[in-house]
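# Report on the structure
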Amino acid sequence: MTTNPTATATTIANRYTVTVREAAQVLGIGRDVCYRAVRAGQIPSLRLGRRIVVPVAPLLGMLGVSPHEMSEPGSATEPGTATTNALKALQDPMTSTQGSHDGHHHDHRR
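## Digging into the overall build of the protein chain
In terms of helices and strands, the protein chain carries 6 helices and 3 strands. Listing every helix and strand of the protein chain by position from the N terminus yields α-β-α-α-β-β-α-α-α. Relative to its full complement of 110 residues, the protein chain shows a buried share of 31%. Long-range pairs, those at least 24 residues apart, make up 42% of the contacts in the protein chain with a sequence separation of at least 6. For the protein chain, the exposed area adds up to about 7300 Å²; of that, 51% sits on carbon and sulfur atoms.

## Side note on the nonpolar core
Ranked by size, the top nonpolar core spans 23 residues in total, and within it Ile12, Ile43, Leu59 and Leu60 carry the most contacts. If you list the elements that add at least two residues to this core, you get α1 (9-12), α2 (20-27), α3 (31-39), β3 (51-55) and α4 (56-62). The element best represented in this core is α2, accounting for 5 residues.

## Focus: the sheet that holds strand β1 (residues 17-19)
One open sheet holds the 3 strands; their spatial order is β1-β3-β2, and the pairing between them is antiparallel. Across the chains shown, the open sheet's two edge strands, defined by having one partner strand only, are β1 and β2 (46-48). Each strand of the sheet is rotated relative to its neighbour by a mean of 40°, with strand direction disregarded. Judged from the 3 bridges that link them, β2 and β3 form a sheet pairing that is antiparallel. Bridged to leucine 46 within β3 is valine 53. In the packing of α2 onto the sheet, the strands contacted are β1 and β3, and the crossing angle to β1 comes to about 95°.

## Things to note about the environment of tyrosine 35
Counting through the fold element by element, tyrosine 35 comes out in helix α3. When the C-alpha atoms of tyrosine 35 and alanine 24 are compared, they prove to be 8.5 Å apart, with 11 residues separating the residues in sequence. Ignoring sequence-local partners within four residues, the contact set of tyrosine 35 consists of Val20 and Ile52.

## A closer look at the pattern of salt bridges
Between side chains of opposite charge, a pair can form when the charged atoms approach closely. If you walk through the whole model with that rule in mind, you get 2 salt bridges. Linking aspartate 32 and arginine 31 is a salt bridge whose minimum nitrogen-to-oxygen distance equals 3.4 Å. Classification of aspartate 32 as partly exposed rests on a relative accessible area of 48%.

Criteria and thresholds
- Residues numbered from 1 in each chain as written.
- Predicted model: local features only at pLDDT ≥ 70, side-chain atom pairs only at ≥ 80, totals over all residues.
- Heavy atoms only, no water.
- Helix = DSSP H or I, 4+ residues; strand = E, 2+ residues; numbered from the N terminus.
- Buried < 20%, exposed > 50% of the residue type's maximum accessible area, 1.4 Å probe, protein only.
- Contact = heavy atoms within 4.5 Å.
- Areas by Shrake-Rupley, 256 points an atom, 1.4 Å probe, with all protein chains shown as cover.
- Core = buried A, V, L, I, M, F, W, Y, C linked by side-chain atoms within 4.5 Å.
- Pairing = 2+ DSSP bridges.
- Axes fitted to C-alpha atoms, helices over the stretch in contact; angles between N-to-C directions.
- Salt bridge = Lys/Arg side-chain N within 4 Å of Asp/Glu carboxyl O.

Remember, this is a structural readout, not a statement about activity or role.
Laid out in structure tokens, this is it:
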């Protein structure tokens, strides 16, 4: 199977699923971080035998866009606020994007 070496939201919009590696590229995170987020349920995924794939529609939804919007001429491809919040949650599991957040990391461990 051939994977897209430079997956972007635009290049995956017409597909149903992508690999975890491609999802990581789209989100701008490392592969290992993406696998951890999949295991934690932060990124929707499907296990097909030994393979794990990420459905494109929910992945793009995390970025605040739909596949339909990505295929429209003149559509925005720059990540928005939803992307920023999703990436913060993936990179810093101790920080919640719900409720008020002052932008500072707080150690919630006692």
